[in-house]
Amino acid sequence: MLKQTERLKVIYDFLKHTAADASTILEHLKQKEAEISLRQLQRDLVEVEKVFLQPNEQLVATVVGYRKKIWKISAVDGKKELTQESINLLYLSLLTSPNLLKEQKKLHFDLFQEVLETTLQQSNKAILNEDKQQLINTHFYEITKDVIFNQNIDDIIWAIIHKKHIQITELIDDYTVDNYVFKTDKIDFAPVFIVYHRGTFLVSGVENHQKEVVIYEIGQLKKIQILDKGYNYEVLSKKIKIEMANRFGITKNINNEVYNIKIEFTSVTGALVSKYFWHHSQHFEKKNGNQIMTMRCGINRELLGWIFQWMYNIRIIEPTVLLEYYDKTLDEMLANRKKTKALVYRNIFEPK
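Residues numbered from 1 in each chain as written. Predicted model: local features only at pLDDT ≥ 70, side-chain atom pairs only at ≥ 80, totals over all residues. Heavy atoms only, no water.

### Remarks on helix H8 (residues 233–245)
The test is simple: Helix and strand assignments follow DSSP, with helices taken as H or I runs no shorter than four residues and strands as E runs no shorter than two, numbered in order from the N terminus. Expected helix span is given by 1.5 Å per residue-to-residue step, counting one fewer step than there are residues. Every residue pair with non-hydrogen atoms within 4.5 Å of one another is taken to be in contact.
With 13 residues, H8 should reach 18 Å at 1.5 Å per residue; the first-to-last C-alpha distance of 18 Å fits that figure. Residues of H8 that are buried sit in contact with strand S5 (187–197), strand S6 (200–207) and strand S7 (212–217).

Shown next as structure tokens:
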């Protein structure tokens with residue numbers, strides 16, 4: 001059990017990063033082995049305000065819904081200079097916003113733009129013209145209009161903030177090999193992270209029955225329901241981060257093995273590939289004019305698709321199992337050239 005000062009510090013740190021009601025704070029304390037009563041929490045909040053708040057901070061309590069109080073530690077407004085660098089960064093951030101948000105959350109996006117423009121107009125700094133014609137986003141590889149995403153995203157974020165399970169009652173399509181059978185019964189799922197990857201939003205979490213890390217594209221979750229059952233964020237987030245570190249991208253690995261991957265790129269292609277981030281373990285080294293890329297990760301569908309992206313300017317050196325999947329994929333592609341062969345969905349990475 002934590003001492004009072006340690007417990008107060010836990011509350012302070014939590015409310016600096018999260019707006020939370022009493023039940024959420026108490027659950028967080030329980031996970032930190034500092035379980036207390038509601039009455040003690042009320043006394044602790046007073047002490048946090050007295051002892052831990054900095055001169056530029058305030059503990060704000062907001063009433064929402066039916067007499068439900070939310071606490072958050074916020075910075076007290078102070079005058080800060082808006083630099084040209086800050087303005088440029090804001091515009092570049094807006095430029096990277098995907099159409100999925102701009103199209104389906106237009107009213108909110110317009111409000112954000114209006115507030116931003118009002119602030120910028122009060123400065124004497126240079127801003128872009130009204131039509132933002134100097135900014136171009138190709139939106140290549142982005143998912144566009146998705147009704148299911150629009151229905152689900154706010155509920156999923158709410159569940160993550162409040163560390164609540166959701167129940168998936170209808171799941172469609174196959175995006176990450178976590179839904180290879182397409183149809184399923186009810187799934188009890190703890191959503192932990194929103195992941196933005198290759199132009200789309202996904203949710204990663206832990207499936208309650210098998211305790212497996214799974215990742216779903218949000219548009220796959222055709223029907224969901226928020227449950228009143230909570231989860232331990234520290235435990236599940238650690239589990240997910242370890243699993244994600246062993247994947248190339250986000251699709252499920254063929255097994256639990258982590259391999260030493262070694263790939264050779266031609267000089268020109270290698271110079272391009274080495275400028276990008278692909279995996280935290282990646283390393284590039286020049287050899288005989290070409291680039292040798294090494295990394296440690298699992299083998300999955302996304303890795304094979306990425307390798308084929310570089311066509312004839314790449315060569316797999318090791319491991320053997322990756323070469324076998326490469327050859328098997330080539331055989332499937334060549335078989336598709338036969339007009340007598342029906343073109344149907346295939347996924348050689350599905351669990352058998």
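### What about the packing of helix H1 (residues 4–17) against helix H2 (residues 22–31)?
Our working definition: Throughout, an axis means a line fitted to C-alpha atoms (over the contacting stretch in the case of helices), and angles, computed between N-to-C directions, take values from 0 to 180 degrees. Note that the term roughly parallel is reserved for angles under 35 degrees, roughly antiparallel for angles over 145, roughly perpendicular for angles of 65 to 115, and oblique for everything else. Each crossing gets its hand from how the near helix is turned against the far one by less than a right angle, where anticlockwise is left-handed and clockwise is right-handed.
Their axes nearest at 11 Å, the elements H1 and H2 cross at an angle of 125°. With respect to their mutual orientation, H1 and H2 come out oblique. Handedness of the H1/H2 crossing: right-handed. For the pair formed by H1 and H2, the contact residues are Arg7, Val10, Ile11, Phe14 and Leu15 on the first element and Thr24, Ile25, His28 and Leu29 on the second.

### A look at the packing of aromatic side chains
How we decide: Pairing of aromatic rings covers Phe, Tyr and Trp, the last counted by its six-membered ring, and requires centre-to-centre distances within 6.5 Å; plane angles under 30 degrees mean stacked, over 60 mean edge-to-face, and any other angle means tilted. Only protein chains enter the calculation, and the probe is 1.4 Å; a residue is then buried if its accessible area is under 20% of its type maximum, exposed if over 50%, and partly exposed in between.
Scanning all chains against the criterion turns up 15 aromatic pairs. Taking the centre distance of 5.5 Å and the plane angle of 35° together, the rings of Tyr276 and Trp278 count as tilted. Where Trp306 meets Trp310, the ring centres are 6.1 Å apart and the plane angle is 80°; that geometry is what we call edge-to-face. The same class applies to Trp306 and to Trp310, which are both buried. Three or more aromatic residues joined by ring pairs make a cluster, and in this case those are Phe248, Phe265, Tyr276, Trp278, Trp306 and Trp310.

### A few points about the sheet that holds strand S8 (residues 221–230)
Let me state the cut-off plainly: Note on pairing: two strands pair once DSSP finds at least 2 bridges between them.
Across the sheet, five strands lie side by side as S7-S6-S5-S4-S8; this open sheet has antiparallel pairing. For this open sheet the edge positions go to S7 and S8, each flanked by a neighbour on one side alone. Strand after strand, the sheet turns through a mean of 45° between neighbouring axes, direction not considered. Bridge analysis of strand S4 (residues 164–171) against S8 gives six bridges, and the strand direction is antiparallel. Residue pairing in the sheet places Gln167 in a bridge with Gln225 of S8. Contacts from H8 reach S5, S6 and S7, with the element oriented near 55° to S5.

### Thoughts on the pairing of S4
Most of S4 sits inside the fold, with six of its eight residues counted as buried. Where S4 meets S5, three bridges bridge the pair, whose relative direction is antiparallel. In the strand pairing of S5, Ile168 is matched with Ile187.

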